[in-house]
Structure formats: structure tokens, C-alpha cells
Amino acid sequence: MTDADPTRASVRPASEAWTIARVLKWAADDFRKRNNPSPRLDAELLLSHALGADRIRLVLDSERELSPVELGRYRELIQRRRSGEPIAYILGRREFYGLSFAVDRRALVPRPDTEPLVEVALERTRARSMHGAALDLCTGSGCVAVSFAKQRPTWRVTATDVAVETAELAWENARRLGVVFTLDVLVGDLFAPVAGRRFDLITANPPYIPSGEIAGLDVDVRDFEPRLALDGGADGLDLVRTVIASASSFLTPGGVLAVEIGHDQGPRTLELFEHAGFRDVALRRDYGSRDRVVSGLGPKTP
Ligand SMILES: C[S@@+](CC[C@H](N)C(=O)[O-])C[C@H]1O[C@@H](n2cnc3c(N)ncnc32)[C@H](O)[C@@H]1O
């Protein structure tokens with residue numbers, strides 16, 4: 001590391017002023033050396049967060065010198081990112097399905113890989129009644145439930161999660177994104193909070209990583225995201241199996257079940273759907289062409 005390091009308070013010659021352009025280059029180079037996959041983007045996002053300014057401002061004001069307070073704020077954010085904390089937790093925001101969700105350590109960071117679950121849910125319910133009922137199990141930040149509720153404002157959506165603090169975050173997102181009149185958030189183990197009820201659609205993105213693979217995950221995920229959101233038991237399919245086996249008892253006749261899975265769990269999950277008596281079972285790939293969502297129609301009679 002050179003003497004010129006904005007993460008250390010130092011005296012520097014006037015010619016080496018920490019302008020926006022210079023500090024950004026420094027942070028991006030530092031992140032690159034630490035194998036950050038998006039060094040320049042992270043440097044920019046953190047600086048705009050520290051300055052409370054849009055990223056375009058960083059270009060327009062590139063020669064502006066940062067004040068010691070601004071530099072101090074940026075320094076703190078850089079240190080957090082260096083420790084592996086996901087950028088979404090530092091910024092407190094993540095875009096999902098065109099909406100801006102509040103995120104923090106209470107819930108998994110919403111992934112683009114999960115957007116196909118929303119697409120499948122919308123496609124498979126397109127021809128259904130205006131007044132359907134949907135259940136989103138394992139809701140986390142509420143990204144799937146809220147995105148669906150925004151697109152289907154005449155439906156009633158129920159979102160559940162086993163962790164109280166996670167359910168609170170989902171509710172905060174429902175409130176911020178304006179769906180509290182059509183969406184409820186309940187706390188409990190899988191279907192327990194909705195005993196005796198039936199739904200036209202059930203979605204779930206349960207934890208599906210095999211327990212033995214958790215230690216080998218990237219630091220961002222392993223050390224910061226909730227273990228409860230990741231660990232799917234010995235083969236990763238503990239919750240997936242329970243959801244598929246129980247779903248028929250909570251679906252209206254011919255209702256839709258759609259479950260997100262790991263990229264190598266497609267064939268086994270298709271078998272589980274068939275075995276549980278689902279019809280018209282289909283596998284959807286994500287934007288990276290990996291197996292991601294299995295869906296099917298439940299029995300015609302309850
Ligand atoms: C993979 S995260 C998915 C979060 C969110 N749906 C998303 O797509 O970003 C799984 C979620 O399942 C919740 N969960 C884990 N075990 C559960 C259980 N037995 N019953 C209900 N929710 C559970 C976790 O708290 C976590 O929020």
C-alpha cells in the first residue's frame with residue numbers, strides 16, 4: 001500500500017488532494033486487489049452513498065476535493081466492504097423486479113436469480129380469477145410477495161417466514177412499497193401460520209444449500225447472510241421436500257405451486273413434484289441458463 005491511502009488519516013501535499021476522481025480510482029484499485037468482482041461499481045456506489053449524491057454527480061464533480069468529514073465517511077464504508085459485507089447491506093437497498101427493497105442482515109439479499117419465480121407465478125396465474133389468494137413461504141425481505149402483489153393488486157397475498165425479525169423487514173417493505181392493504185405477513189414454520197386456508201398460488205424460495213457446502217461459500221454470503229436463509233440440510237432439499245409434499249393440502253383445486261431451487265436440483269425436484277401428484281410440471285431456467293424454478297398444478301379436487 002502506498003503512503004497515499006484515504007483509509008488512513010494522513011498529511012498530504014497539496015498536489016495530492018483527494019478529489020472524487022482520485023479517491024474513486026484508489027478505492028477501485030484497492031477492491032480489485034482484494035478480488036472484489038465489481039471494484040469500480042462498488043467504489044462508486046459507496047462514494048455516492050457517503051456523499052448522499054447520485055452517481056452522475058461523481059462524474060460532474062470529479063475534480064471536487066472531498067472534505068475531511070466526507071473522506072472519513074467514505075473510509076468507513078470502504079472498511080466495511082473490505083471485510084466482505086455485501087454492498088446491499090451497506091447501502092441498505094437492493095433492486096428486485098424493478099422495485100427498491102430495504103435490506104439488512106435480517107434477510108437474504110434479493111437475487112436476480114429469484115426474479116424468474118415472480119415471472120412464473122404471474123404467467124401461471126394469468127388466466128385466473130381477478131380475486132385470487134397467494135401464499136409466499138420463506139418470504140425473507142418480502143421481495144417475491146411484494147413484487148407479485150404490485151402486479152396483482154386485486155389478489156390477497158400472505159407472506160410467511162419463520163424468523164420474527166425477517167418478517168418485520170418484509171412488512172417494512174410492504175409498507176414502503178404500498179401493498180399493505182392486500183398483503184399480510186405472518187410468522188411461523190412453513191404452513192403453520194395458514195393452517196386450514198387454501199390458496200390459488202403458493203410460491204417458495206426456501207433455503208436450499210446443502211449444509212456441507214456452507215463453509216465454502218463466499219465470505220459475503222457465509223459470514224453476513226442469515227444461515228437460516230441458506231441451510232437446506234444434508235442434500236439441500238429438506239424444506240423443498242416438505243413444501244412439495246404438503247402444498248396440495250393448502251391449494252385450491254388446480255392451484256399453482258412454484259419453488260425456487262439450486263442449479264443442480266432440477267431433476268430431483270421434478271421427480272418430487274411428479275411423485276406428489278402435480279400436473280403440467282415445468283422447469284424454468286434463470287438468466288444464466290441454470291435450473292431455477294419448478295412449478296406445477298395441484299390436484300383438481302381438494
Ligand atoms: C433463501 S431465503 C429467501 C428469501 C426471499 N424469499 C428471497 O427470495 O430473497 C429463505 C427464507 O426462508 C426462511 N425460513 C427458513 N426456514 C424456514 C421455515 N422452516 N419456515 C418458514 N421460513 C423459513 C428464512 O428465514 C429465509 O428468510
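See the structure above.
About the criteria used
- Residues numbered from 1 in each chain as written.
- Predicted model: local features only at pLDDT ≥ 70, side-chain atom pairs only at ≥ 80, totals over all residues.
- Helix = DSSP H or I, 4+ residues; strand = E, 2+ residues; numbered from the N terminus.
- Buried ≥ 20, exposed ≤ 12 C-beta atoms within 10 Å, placed from the backbone.
- Contact = placed C-beta atoms within 7 Å.
- Near = placed C-beta within 6 Å.
- Nonpolar A, V, L, I, M, F, W, Y, C, P; charged D, E, K, R; others polar.
- Pairing = 2+ DSSP bridges.
- Axes fitted to C-alpha atoms, helices over the stretch in contact; angles between N-to-C directions.
- Core = buried A, V, L, I, M, F, W, Y, C linked by C-beta atoms within 7 Å.
- Domains from an automatic or database assignment.
- Expected span 1.5 Å × (residues − 1).

Focus: the overall build of the chain
Consideration 1: When helices and strands are tallied, the chain shows 11 helices and 9 strands.
Consideration 2: Across the 302 residues in the chain, those meeting the buried criterion constitute 38%.
Consideration 3: Taking contacts inside the chain between residues at least 6 apart in sequence as the whole, the part at least 24 apart equals 65%.

Focus on the site of the ligand
Consideration 1: In the vicinity of the ligand there are 22 residues, among which Cys138, Gly140, Val162, Asn205 and Ala229 approach most closely.
Consideration 2: Counted by class, the shell around the ligand contains 14 nonpolar, 6 polar and 2 charged residues.

A few points about the sheet that holds strand S6 (residues 199-204)
Consideration 1: One open sheet holds the 7 strands; their spatial order is S5-S4-S3-S6-S7-S9-S8, and the pairing between them is mixed. Two strands bound the open sheet, and with one partner strand each, they are strand S5 (183-187) and strand S8 (279-285). When strand polarity is set aside, the average angle formed by the axes of neighbouring strands in this sheet is 15°.
Consideration 2: Across 5 bridges, S8 lies against strand S9 (residues 291-297) in antiparallel orientation. Counted as the bridge partner of Leu283 is Val294 from S9.

Considerations on the nonpolar core
Consideration 1: Membership of the largest hydrophobic core comes to 73 residues, with the highest contact counts inside it found for Ala145, Ile202 and Val259.
Consideration 2: Ranked by the residues each element gives to this core, the list is headed by helix H7 (residues 143-151), at 6 residues.
Consideration 3: Both domain 1 (14-83) and domain 2 (106-297) contribute no fewer than three residues apiece to this core.

Concerning unusual backbone geometry
Consideration 1: Within the chain, Asn35 stands out as a residue other than glycine whose phi angle is a positive 65°.
Consideration 2: Along the chain, Asn35 falls in the loop between helix H1 (20-33) and helix H2 (39-51).
Consideration 3: Positive phi, normally seen in glycine, also occurs at Tyr97, with a value near 50°.
Consideration 4: In this structure, Tyr97 sits in the loop between strand S1 (93-96) and strand S2 (99-102).

Considering H2
Consideration 1: Between the first and last C-alpha of H2 there are 18 Å, a value that for 13 residues agrees with the 18 Å anticipated at 1.5 Å per step.
Consideration 2: Restricting attention to buried positions, one finds in H2 the residues Asp42, Ala43, Leu45, Leu46, Leu47 and Ala50.
Consideration 3: Backbone geometry just downstream of H2 places Gly52 in the positive-phi region, at approximately 65°.

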